[in-house]
Amino acid sequence: MVAVAGGALIAVNGAGVLEVGAGPTKAAAVLPTATTTVTRQTLNDTRDADGELGYGPVTTAVSRQPGTVTWLPESGATISRGRSLFRADNKPVVLMYGDRPAYRDLRNGMEGKDVENLERNLDKLGYDGFTVDDEFTWDTAQAVMEWQEDRGLEETGVVELGRVVFAPGKVRVESLDTEEGAPVTPGMKVLTYTGTAKVITVQLDAEDQRMAKKGAKVEVTLPDGKSVKGKVTEVATVIVPGEGQEEPQTRVEALVSIGAAKSAKGLDKAAVDVTFTASQRKNVLTVPIAALVALQEGGYGLEVVEGGRSRYIGVETGLYAGGRVEVSGDGLSEGMTVGMAK
């Protein structure tokens, strides 16, 4: 941020905060032609950004086995733990909850986080006789065979790659990439899905990363003009491909949850405005940035106008936001009249 005050150039760092020492008081030879008042207020360092209300990131489900698609859910359908995401050769590809994608066959003797995910899901689905840990034992295989029998699968005790899809929770089918009766091969897209909770996706410039911190509170303005509270739930750095000859850009992508979810009822996709607040100073003295002057002996000051005369006093500056700056210093008080740059 840059402002010209009293003929001097004042530079402000990227965080909008500059600390300087207070200079001595000096008299001014000529009264300023424009003045303003020192006010006490809450100063917020905010940024407004465009957001898209939807269901968050889209994930693609692919076939891991060759076959023919025999069943697909409808677009918009919600799939929960243990239910079929789709069927190929009349065999289900089952949704389970987990934080790591399936990447191998799971069988007796294996260990790992994916084993733990499988066992936890089997336990939640009502199968028992094994310990939920990261070891695939014979007891686990017995539970798998019971599950396979219930799902109409061959009872091998082995969960082959592609039989289950791990997702963080319930999913909502976003779109279908094939149709019933179509052949599929390993790696072929079948459908895409999202989470089921409505979230807002916002992209910010990389230099505004300080605005989007996980857990930070934001204000969301919906299409009908109603404002609701929100919270940043995830923050990630993404690369946006350039168009034509443009270079790719690094952006900060934030996911925002809405506190009053019912406020967004009926809005599957919508453009919204999101206000981020990086810093806040409550009950501080502020002036317009243009009221600052650079003192010859160093630092910054204000030209105070009193009784038809003016004098300079040194000040310390704090938060810069919305065209104003936080100021403090000996002899400075609310209601004072100070000069403004021409």
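Structural data are supplied above this passage.
Residues numbered from 1 in each chain as written. Predicted model: local features only at pLDDT ≥ 70, side-chain atom pairs only at ≥ 80, totals over all residues. Heavy atoms only, no water.

Trainee: Break down the nonpolar core for me, with residues and values.
Mentor: Grouped together as the largest cluster of nonpolar side chains are 22 residues, with contacts concentrated most on Ile200, Val202, Leu204, Val220, Val274 and Phe276. When contributions to this core are tallied by element, the ones reaching two or more residues are strand S5 (39-54), strand S15 (199-205), strand S16 (217-221), strand S17 (227-240), strand S18 (249-258) and strand S19 (270-288). The contact partners of Leu204, leaving out residues within four places of it in the chain, are Ala49, Met211, Ala212, Arg251, Val252 and Phe276. Membership of the second largest hydrophobic core comes to 19 residues, among which are Leu106, Leu122, Phe130 and Val164. (Core = buried A, V, L, I, M, F, W, Y, C linked by side-chain atoms within 4.5 Å. Buried < 20%, exposed > 50% of the residue type's maximum accessible area, 1.4 Å probe, protein only. Helix = DSSP H or I, 4+ residues; strand = E, 2+ residues; numbered from the N terminus. Contact = heavy atoms within 4.5 Å.)

Trainee: How would you explain helix H1 (residues 113-124) if you had to name every residue and give the values?
Mentor: Along its 12 residues, H1 runs 17 Å from first to last C-alpha, staying within 8% of the 16 Å computed at 1.5 Å per residue. All of the buried residues in H1 are Asp114, Val115, Asn117, Leu118, Glu119, Asn121 and Leu122. Looking at the packing, one finds that the buried side of H1 touches strand S10 (91-97), helix H2 (138-150) and strand S11 (164-167). Of the residues trailing H1, Gly126 is marked for its positive phi of about 100 degrees. (Expected span 1.5 Å × (residues − 1).)

Trainee: So what's going on with the side chain of Arg87? Residues and values would help.
Mentor: Among the secondary structure elements, Arg87 is positioned in strand S9 (residues 84-88). One buried charged residue, Arg87, forms no salt bridge at all, with the nearest opposite charge on Glu180 at 9.5 Å. Separated by 2.5 Å, the side chain of Arg87 and the backbone oxygen of Asn90 make a polar contact. Here Arg87 is in contact with Thr68, Val69, Thr70, Trp71, Pro92 and Arg151, once residues within four sequence places are set aside. (Lys, Arg positive; Asp, Glu negative; His and termini not counted. Salt bridge = Lys/Arg side-chain N within 4 Å of Asp/Glu carboxyl O. Polar contact = N/O pair within 3.5 Å; in protein donor to acceptor, adjacent residues only side chain to side chain.)

Trainee: So, empty space enclosed by the protein: which residues are in play, and what are the values?
Mentor: For the structure shown, the criterion picks out one cavity of 30 Å³ or more. Considering the residues around the largest cavity, the lining is formed by Ala102, Tyr103, Arg104, Leu106, Asp114, Val159, Glu160, Leu161, Gly162, Arg163, Val164 and Phe166. Of the residues that constitute the lining of the largest cavity, the class distribution is seven nonpolar, one polar and four charged. (1 Å grid on protein atoms, 1.4 Å probe; cavity = no way out; pocket = protein on both sides within 12 Å on 5 of 7 lines; lining within 4 Å. Points joined across faces, edges and corners; volume = space filled by probe spheres on them. Nonpolar A, V, L, I, M, F, W, Y, C, P; charged D, E, K, R; others polar.)

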